[in-house]
Amino acid sequence: MIYADNAATSFPKAPGVADAMRDYLDRIGASPGRSAHRLSIEAARIVFEARETLAALLGMDDSSRMIFTPGATFGINAALLGLLRHGDEVIASSMEHNAVMRPLRHLEGERGVRVRVAQTDGSGLVDPRQLGDLVTDRTRLVAVMHASNVTGTVQPVAEVSREIGPVPLLIDGAQSIGSLPVDLSRLGPCLYAFSGHKGLLGPPGIGGLCIGEGIDLEPLVRGGTGSRSEREEQPDFLPDLHEAGTPNAVGIAGLLAATRYVTERSVMSIREHELALFSRLADGLRGIPGVTLFGTADPERQLATASITIDGLSPSDAAHILDREHAILVRPGLHCAPSAHRTIGTFPAGTIRISLGPFNTADDVESILEAVADLAQNQTPPG
Amino acid sequence: MDRPDSVINFVSVHHVMRAEHVFKEHGLAHEIIPTPRDLSSDCGIAIALSGAVLKQALDLLAGAGVEVEALYRRRGSTYERMPPVSPC
């Protein structure tokens, strides 16, 4: 079996993730820092260590500005609902996932937020200058996905940050963390939302939001934090302001093990591995008659995610045959990103997305190419 | 460790963990304790240490940028709040 659905979630997980989670559940179990006994303190140390390790990976000076969330979607919602007010304007690229577009459409209706969509080119690449030109004195936020979950297109977020100046940049890092080097200290004001279960190779249900210096967000959720317990108002300091309720410590324990693995293997070496796989995959796919590959032509501007269509075969049929006949697991359809598919011209049928990860091999790529070539040649929907 | 007669309070568990990290790095004796009930319950846990190393501890925290919420000294079975000690 070849797992090529890493853009949805990574598999397998990093070595040590399951052990760390089992260890937490079997040996620790307590609520981090809520009580003062040894197990609660040990749990708090795990949360602290995870926060510090993630902050270091992302180039953050102050780890208290990285809050844990159930995932990237929650972090994006916390950023958008916590920042945008009536009359604000937000600019989003046309490649955004529904994790961004749905809360934005909600805010458009509920709070009168003006949503402006910046059309990218057909490869999904944003134009930083265009985004800069769209900024007005009402623009409260610009939202750009670091790397597309549909085409794998890597956006020039540093250039975007420069072009939009003091306007905060919301970066959806769901696809980029662990797969691309990220250094938030080199960007202007920004919010970076990520999930732990994709490029970080951790468990689902845990992620985070990095809140740049000088950016204040209203909390999405209020409740117990284990601090200022005598008061009925939410504490105003980070990370507690945004972390009400018992934390997902077992998820954080798994995420810590995963982040340590990614840090030790190094994001650069993962990037090189995935780039080599993708280059061969892209070259091979382009050489198969009847196959169209989307995204940019430059592998340096791509994650190891290839979106294709095969003439005469629907994406869902193709994915079904790949699974049933070749044991190759991919994802067909719209990938929760209708705007991105409209941008690249594949709405509503979508594409077949082949997304590789750090544990895929060169042999996997050759097997995928053989299978796709077979599909393109035979074009017979499954019976 | 000498008798831990001083207590440092922090606003959050995150700050306590940062302080612990700094103290461990410098081999400074300390203990994490439940915040005594008669102190402001800034956060459920606090750090107790000997008054003999309190100044050193505060200097280390200031150097690492860890904000201290309040200081207390044990007086028998109660605690009295100490004025802020400015670091070197």
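Residues numbered from 1 in each chain as written. Chains lettered and ligands numbered in written order. Predicted model: local features only at pLDDT ≥ 70, side-chain atom pairs only at ≥ 80, totals over all residues.

## Concerning the overall build of chain B
Scanning chain B from terminus to terminus reveals two helices and five strands. Listed by position from the N terminus, the elements making up chain B come as β-α-β-β-α-β-β. Relative to the globule expectation of 12 Å for 88 residues, the C-alpha radius of gyration of chain B, 12 Å, shows essentially globular dimensions. C-alpha atoms of chain B, sized along the principal axes, occupy 30 × 25 × 20 Å. Looking at chain B as a whole, 35% of its 88 residues are labelled buried. Within chain B, contacts between residues separated by at least 24 positions form 68% of all contacts whose residues are at least 6 apart in sequence. (Helix = DSSP H or I, 4+ residues; strand = E, 2+ residues; numbered from the N terminus. Rg over C-alpha atoms; globule rule 2.2 N^0.38 Å. Buried ≥ 20, exposed ≤ 12 C-beta atoms within 10 Å, placed from the backbone. Contact = placed C-beta atoms within 7 Å.)

## Concerning helix α8 (residues 267-286) of chain A
Residue and element names in this part refer to chain A. Compared with an ideal rise of 1.5 Å per residue, which puts 20 residues at 28 Å, α8 spans 28 Å between its outermost C-alpha atoms and is within 8% of the ideal. Of the residues making up α8, those classed as buried are I270, E274, L277, F278, L281, A282 and L285. Buried positions in α8, seen along its axis, are confined to an arc of 135° and lie on one side of it. Of the exposed residues in α8, the ones pointing more than 90 degrees away from its buried face are M268, S269 and E272. (Expected span 1.5 Å × (residues − 1). Arc of directions from axis to C-beta.)

## As for the interface of chain B and chain A
Interfaces are often sized by the accessible area lost when the parts come together. Listed as interface residues are 13 residues of chain B and, on the opposing side, 18 residues of chain A. Going through the elements one at a time, α1 (13-25) and β2 (31-34) of chain B are the ones with two or more residues in the side of chain B that touches chain A.

## Focus on the confidence of the model for chain B
A residue-level look at chain B finds 91% of positions with pLDDT of 70 or above and a mean pLDDT of 89. The ipTM for the predicted assembly is 0.88, set against a pTM of 0.95. (pLDDT = per-residue confidence, 0-100.)

## Section: the pairing of strand β4 (residues 114-118) of chain A
Residues and elements named next belong to chain A. Relative to β4, strand β3 (residues 89-93) is paired through five bridges, and the arrangement is parallel. Bridging from a neighbouring strand, S93 pairs with A118 of β4. For the handedness criterion, the β-α-β arrangement of β3, helix α4 (residues 98-111) and β4 is classed as right-handed. (Pairing = 2+ DSSP bridges. Right-handed = clockwise from strand over helix to strand, strands pointing away.)

## Focus: helix α7 (residues 249-265) of chain A
With 17 residues, α7 of chain A extends 24 Å between its outermost C-alpha atoms, agreeing within 8% with the 24 Å of an ideal straight helix rising 1.5 Å per residue. A large share of α7 of chain A lies buried, amounting to 13 of its 17 residues.

## Here we look at the nonpolar core
Residues and elements named next belong to chain A. Judged by nonpolar contacts, the single largest core of 137 residues is most densely connected at V142, L191, I252 and A253. If you tally residues by element for this core, the top one is α7, at ten residues. Here this core spans two domains, and each of domain 1 (2-10 + 267-378) and domain 2 (17-265) adds at least three residues to it. Ignoring sequence-local partners within four residues, the contact set of V142 consists of I91, L131, V160, I164, V167 and L169. (Core = buried A, V, L, I, M, F, W, Y, C linked by C-beta atoms within 7 Å. Domains from an automatic or database assignment.)

## Topic: the sheet that holds strand β13 (residues 351-355) of chain A
Residue and element names in this part refer to chain A. Taking strand neighbours across the sheet as the criterion, the four strands line up as β9-β10-β13-β12 in an open arrangement whose pairing is antiparallel. Both outer strands of the open sheet, β9 (291-293) and β12 (331-333), are each paired with one neighbouring strand and no more. Direction aside, neighbouring strands of the sheet carry axes that sit 30° apart on average. When β9 meets strand β10 (residues 305-310), the two strands line up antiparallel, connected through three bridges. By the bridge assignment, T292 is partnered in β10 with T309. Where helix α9 (residues 315-326) meets the sheet, its contacts fall on β10, β12 and β13, and the angle it forms with β12 comes to roughly 165°. (Axes fitted to C-alpha atoms, helices over the stretch in contact; angles between N-to-C directions.)

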